[in-house]
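Given next are the chains, with one letter for each unit.
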Amino acid sequence: MIRAEEKPVILIVDDETANIEVLAKQLSADYRLLFTTDPAKVCQLAEQKDPDLILLDVVMPGMDGYEVCRNLQGRDSTRDIPVIFVTAMGEERYEAIGFEAGGVDYITKPIKPFLLRARVKTHVELKLQNDMLKQLASQDGLTGIANRRRLDEFLNHEWGRAIRQGNSNLAVIFIDVDYFKKYNDHYGHQAGDECLKQIAAALAAGMERKTDLVARYGGEEFACVLPNTSLQGAIHKAEQIQRSIASLHIPHQLSDVSDVVTLSMGVASLVPRKENKIETLINAADQMLYAAKRGGRNQVRYAGTVLSEALASAT
Ligand SMILES: [Mg+2]
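Remember, predicted model here, so these are calculated numbers, not experimental data.

Participant: Would you take a moment to explain the coordination of the magnesium ion for this structure?
Facilitator: The expected angle between donors at a tetrahedral four-coordinate metal is 109.5 degrees. At an octahedral six-coordinate metal it is 90 or 180 degrees. Only Asp15 (OD), Asp57 (OD) and Val59 (O) from the protein reach the magnesium ion as donors, at distances of 2.0 to 2.2 Å. Within one chain, the residues donating to the magnesium ion are spaced in sequence as D-x41-D-x1-V.

Here it is, written out as structure tokens:
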């Protein structure tokens, strides 16, 4: 589980460096360690470094460990990092507060080295297993990119974020591989799978911003979600994708539009508002994909008027 070349990361928080040293001595062989003596810096540090575990002192000046833990629990980005309290306050009621604050375990000083290492190991392994399960649950088995479930989750999340931000575009591109059934029939399903993998890899490589997502939507359907992207920006991205797939030169003898594998794409972008529904955006991109296919495939269609009409009729 724990790979030597990529040690799990533990953040140690204690206002006294002597205490940090005691813990570090026991853990430095198996983990990469980060420290801070300042409780006010823990959330930011955890967000930036994404540790696999936090060892947290309780009594500290300014902010106690319980409060730090509650703050970590209150943020999406740090909620899943397990926190073990390390403190001299061994009474049951203090331990209870620690668990209520969101801690996963409670270790009392003086430190018993064997117990410390055993409990840390258990919680780090649980965390890594959890990460892996989450990763698998959101991944498409064949291509390794995001799956439909992850796409829905991401879209909803970005829709909400764009509304909160106000005046921020959200764009989607729906993508279909042209004449893919014929491809499978002619080259076989194994070749079909390879073709989808190659396309997925090219799509993923084309998502230059960390904020963009590409997912496998269905059999030969893919979708890109591009936050903060205007219609023009999304069209530009779709054309880029079209060129990148053409440059793969995947032969497709039975295609009616080309001798290599090509894509049809539907693009839509809008500024999400509370009074709109996310389906408006999705349906618009879907309609444009359909128009691209009906219009002869191997092309990009985008929702300009369709979308403004849909929005006008909704309000
Ligand atoms: Mg202290």
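Participant: Explanation requested: a nonpolar patch on the surface in the structure shown.
Facilitator: On the surface, a nonpolar cluster with roughly 320 Å² of combined accessible area is contributed by Met132, Leu133 and Leu136. Examined against the element boundaries, Leu133 turns out to sit in helix H5 (residues 113-137).

Participant: Would you explain the pairing of strand S3 (residues 53-57) in this entry?
Facilitator: Put simply, side chains in a regular strand alternate between the two faces of the sheet. Extensive coverage of S3 is indicated by the burial of 5 of its 5 residues. Alternating positions in S3 separate into two faces, Leu53, Leu55 and Asp57 on one and Ile54 and Leu56 on the other, with burial throughout. Alignment of strand S1 (residues 9-13) against S3, held across 4 bridges, turns out to be parallel. Each residue of the ladder has a partner; that of Ile12, found in S3, is Leu55.

Participant: Would you explain the packing of helix H8 (residues 189-206) against helix H9 (residues 231-246) in this entry?
Facilitator: Geometrically, a packed helix pair is captured by the angle between its two axes and the distance between the axes. At a closest axis distance of 10 Å, the pairing of H8 and H9 adopts a crossing angle of 140°. With respect to H9, the axis of H8 lies oblique. As for how H8 packs across H9, the hand of that crossing is right-handed. In this structure, H8 contributes Ile199, Ala202, Leu203 and Gly206 to the contact, and H9 contributes Lys237, Ile241, Ser244 and Ile245. When the residues that make up the contact of H8 with H9 are grouped by side-chain class, the tally is 5 nonpolar, 2 polar and 1 charged.

Participant: Explain the sheet that holds strand S4 (residues 83-87) here, please?
Facilitator: Backbone-to-backbone hydrogen bonds pair the strands of a sheet. The strands run either parallel or antiparallel. Strand order in the open sheet made by the 5 strands is S2-S1-S3-S4-S5, with parallel pairing throughout. Edge positions in the sheet fall to strand S2 (32-36) and strand S5 (105-108), since each of these pairs with one other strand and no more. Strand-to-strand twist across the sheet, computed as the mean angle between neighbouring axes with direction ignored, equals 20°. Each of S1, S3, S4 and S5 touches H5; the most contacted strand, S5, lies at about 165° to it.

Participant: Explain unusual backbone geometry here, please?
Facilitator: Trans peptide bonds make up most of the peptide bonds, and negative phi angles are found at most residues other than glycine. With omega at 0°, the peptide bond leading from Lys109 into Pro110 counts as cis. With respect to the element layout, Pro110 can be found in the loop between S5 and H5. A positive phi angle is found at Asp50, which is not glycine, with a value near 45°. Residue position: Asp50 is located in the loop between helix H2 (42-49) and S3. Here Asn228, not a glycine, exhibits a phi torsion of approximately 50°, which is positive. Its location among the elements puts Asn228 in the loop between strand S8 (221-227) and H9. Under the relative-accessibility criterion, Asn228 is labelled partly exposed at 44%.

Participant: So what exactly am I meant to see when it comes to the domain arrangement of the chain here?
Facilitator: Note: interface size is frequently given as the accessible area lost on complex formation between the parts. Here the chain is partitioned into domain 1 (4-136) and domain 2 (148-314). Computed over C-alpha atoms, the centres of domain 1 and domain 2 are 42 Å apart.

Participant: Please clarify how the sheet that holds strand S9 (residues 263-270) should be interpreted in this entry.
Facilitator: One open sheet accounts for 5 strands, arranged S7-S8-S6-S9-S10; its pairing is mixed. With one partner strand each, in any of the chains shown, strand S7 (213-216) and strand S10 (300-302) form the two edges of the open sheet. In this sheet, adjacent strand axes meet at a mean angle of 15° when their direction is disregarded. Taken together, the 4 bridges between S7 and S8 define a ladder with antiparallel strand orientation. Across the sheet, Arg216 pairs through a bridge with Phe222, a residue of S8. Seen against the sheet, helix H10 (residues 278-294) touches strand S6 (170-177), S9 and S10 and runs at an angle of roughly 150° to S9.

Criteria and thresholds
Residues numbered from 1 in each chain as written. Predicted model: local features only at pLDDT ≥ 70, side-chain atom pairs only at ≥ 80, totals over all residues. Heavy atoms only, no water. Donors = N, O, S within 2.8 Å, 3.2 Å for Na, K, Ca; no water. Patch = residues over 30% accessible without salt bridge, like charges linked within 9 Å, V, L, I, M, F, W, Y side chains within 5 Å. Areas by Shrake-Rupley, 256 points an atom, 1.4 Å probe, with all protein chains shown as cover. Salt bridge = Lys/Arg side-chain N within 4 Å of Asp/Glu carboxyl O. Helix = DSSP H or I, 4+ residues; strand = E, 2+ residues; numbered from the N terminus. Buried < 20%, exposed > 50% of the residue type's maximum accessible area, 1.4 Å probe, protein only. Pairing = 2+ DSSP bridges. Axes fitted to C-alpha atoms, helices over the stretch in contact; angles between N-to-C directions. Parallel < 35°, antiparallel > 145°, perpendicular 65-115°, else oblique. Left-handed = near helix turned anticlockwise from the far one by under 90°. Contact = heavy atoms within 4.5 Å. Nonpolar A, V, L, I, M, F, W, Y, C, P; charged D, E, K, R; others polar. Domains from an automatic or database assignment.

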